[in-house]
Amino acid sequence: MALRKTHIASAEAVMMGYAISTNQPLPIIITEAIGVWIGSQLPDIDQRQTRINKKTGVETSVLTLWGHRTWSHSIWIPAFLFILARYSSNSPMLNGISVYGYKVMGYFYFTLVLGYFLHELLDAFSVEGIRWLYPLGNRKIIRKKGIFRYKVHSMKEIMIRYVSVTIVVIELIFYLYKNLK
Ligand SMILES: [Zn+2]
């Protein structure tokens, strides 16, 4: 719902803040940044499918059967992915890749889920809202007002994006400063 770039920027800002404040090593931070980058784009996969379908005129995916912002924007998917992430990070095979001695895949799995969840959270603040418990509950929980409420493609959404990008830049500078002195 919100634009792709806004989703990526805001999710990275949150993740970087956590990674830097907990002093994580660089290979892990990079892995987490990739995880969030992918995860924060996943929920709108149905939207992109719809666009592809319009162009080609064929149903290219089962994802479109339910329509946009239904299953993909429910709490069930990240909840399920979280269970998968826990399982995968405990598996010697699925968490087997180490970079400079750090087992990075576990961090990748969890930040993928985090990115997914942050995407939904941002969408939940939009005027359009989402249905967290789809298909339970027959209408969207939409915020009536509040300073964080925004319209997609509006000035406010663009501001959320730029503020997020600025936060990421500040976090990076802070990280470099801390590690170079
Ligand atoms: Zn969305």
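Every residue gets a number counted from 1 within its own chain, in the order that chain's sequence is written. Totals for whole chains, interfaces and linings use all residues, but because this is a predicted model, local features are given only for residues with pLDDT of at least 70 and pairs of side-chain atoms are given and counted only at 80 or more. Water and hydrogen atoms were dropped before computing side-chain values, which therefore reflect all heavy atoms in the structure.

- An unreviewed UniProt entry lists the chain under the name Membrane-bound metal-dependent hydrolase, with Apilactobacillus kunkeei given as the organism.

### Some details on the coordination of the zinc ion
- Binding of the zinc ion to the protein goes through Asp44 (OD), His73 (NE2), His119 (NE2) and Asp123 (OD), at separations of 2.0 to 2.4 Å.
- Sequence positions of the donors to the zinc ion reduce to the motif D-x28-H-x45-H-x3-D. Linking Asp44 in the loop between α2 (26-39) and α3 (45-56) with Asp123 in helix α5 (residues 105-124), this pair joins segments that are 79 residues apart in sequence.
- For every residue, the accessible area obtained with a 1.4 Å probe (protein chains only) is divided by the maximum for its type, and the residue is called buried under 20%, exposed over 50%, and partly exposed between those limits. Residue classification places Asp44 among the buried positions, given a relative accessible area of 5%. A donor here means an N, O or S atom no more than 2.8 Å from the metal, or no more than 3.2 Å when the metal is Na, K or Ca. Since water is not included, a site may seem to lack partners. Going along the chain from the N terminus, every DSSP run of H or I of four or more residues is numbered as a helix, and every run of E of two or more is numbered as a strand.

### Some thoughts on the nonpolar core
- With nine residues, the main nonpolar core is built from Ala11, Met15, Met16, Ala19, Ile20, Ile29, Val36, Leu118 and Tyr175.
- For this core, the secondary-structure elements that each account for two or more residues are α1 (4-21) and α2.
- Considering each element in turn, this core owes the most residues, five residues, to α1.
- Discounting chain neighbours no more than four positions away, the residues touching Met16 are Ile29, Glu171 and Leu172.
- One finds Leu81, Met105, Tyr109 and Tyr116 within the second-largest nonpolar core, a separate group that totals eight residues. Residue types Ala, Val, Leu, Ile, Met, Phe, Trp, Tyr and Cys, when buried and joined through side-chain atoms within 4.5 Å, form a set referred to as a nonpolar core. In what follows, residue pairs with any heavy atoms lying within 4.5 Å of each other are defined as contacts.

### Here's the deal with the UniProt feature "transmembrane region" (unreviewed entry) in the chain
- UniProt tags residues 99-118 and 158-177 as "transmembrane region" (unreviewed entry).
- Between the C-alpha atoms that bound residues 99-118 the distance is 27 Å, and the span itself is 70% helix and 15% strand.
- A helix fraction of 100% and a strand fraction of 0% characterise residues 158-177, whose end C-alpha atoms lie 29 Å from each other. UniProt positions are given in the numbering used here, feature names are shortened, and annotations may be inferred rather than shown by experiment.

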